[in-house]
Amino acid sequence: MRIGELSQRTNTSRRLLRYYEEQGLIVAERSPNGYRAYDERFVDRVLQIRGLLDAGLPTRIIKQILPCLDKPRVIHFPDATPEMIATLEAELEQMNRRIECLARNRDAVAEYLEAVRIHPGTRAYDAEPTDETVAPTA
């Protein structure tokens, strides 16, 4: 597929796709007229890259862990230094903290929606404050 189709299917700008290619995260074949041609597997790859970037990982680390995401999984890290392992451990910890925060926020939104569905005419700030909430001040 050409870059425009990959862009549409992944909701990723062409500019970003070219950047991913420059960083060695994806590889395009070139047709005789110079157009980029991407294999179907790059749809999932680009979505994985975007997810990892959203999680806060830099492209230099993403490039090293992408082989772990391929199937069949062939993991070979000849340059896995103690510093790289420490960096990945720190990134993993940050991801876990973000996941915990997202889970708390998800639960709060779900609780709010449940309350709104049960009492649709009641505004959230009309509710009695509990130990976990603070009543707004005027």
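Residues numbered from 1 in each chain as written. Predicted model: local features only at pLDDT ≥ 70, side-chain atom pairs only at ≥ 80, totals over all residues. Heavy atoms only, no water.

Student: Before we go on, may I ask you to explain the overall build of the protein in this structure?
Tutor: Looking only at helices and strands, the protein features five helices and two strands. Of all 138 residues assigned to the protein, the portion counted as buried reaches 22%. Taking contacts inside the protein between residues at least 6 apart in sequence as the whole, the part at least 24 apart equals 49%. (Helix = DSSP H or I, 4+ residues; strand = E, 2+ residues; numbered from the N terminus. Buried < 20%, exposed > 50% of the residue type's maximum accessible area, 1.4 Å probe, protein only. Contact = heavy atoms within 4.5 Å.)

Student: Would you mind going over the pattern of salt bridges with me for this structure?
Tutor: Side chains that differ in charge, positive against negative, can pair when their charged atoms come close. Per the stated rule, a full pass over the model turns up six salt bridges. The salt bridge partner of Arg-97 is Glu-93, with a shortest N-O separation of 3.6 Å. Here the residue Arg-97 and the residue Glu-93 both occupy positions in helix H5 (residues 82-118), the gap between them amounting to four residues, near one helical turn. Overall, the relative accessible area of 44% leaves Arg-97 in the partly exposed class. (Salt bridge = Lys/Arg side-chain N within 4 Å of Asp/Glu carboxyl O.)

Student: Where do I start with the packing of aromatic side chains in this structure?
Tutor: The geometry of an aromatic ring pair comes down to the distance between the two centres and the angle between the two planes. Scanning all chains against the criterion turns up two aromatic pairs. Note on Tyr-38 and Phe-42: the rings are 6.2 Å apart at their centroids and 80° apart in plane angle, and the pair reads as edge-to-face. Note on Tyr-38: relative accessible area 3%, which makes it buried. For Phe-42, a relative accessible area of 4% puts it in the buried group. Across from the ring centre of Tyr-35, 4.2 Å away, lies the NZ or CZ of Arg-2, which sits over that ring. (Phe/Tyr/Trp six-rings, centres within 6.5 Å; stacked < 30°, edge-to-face > 60°. Lys NZ or Arg CZ within 6 Å of the ring centre and 35° of its normal.)

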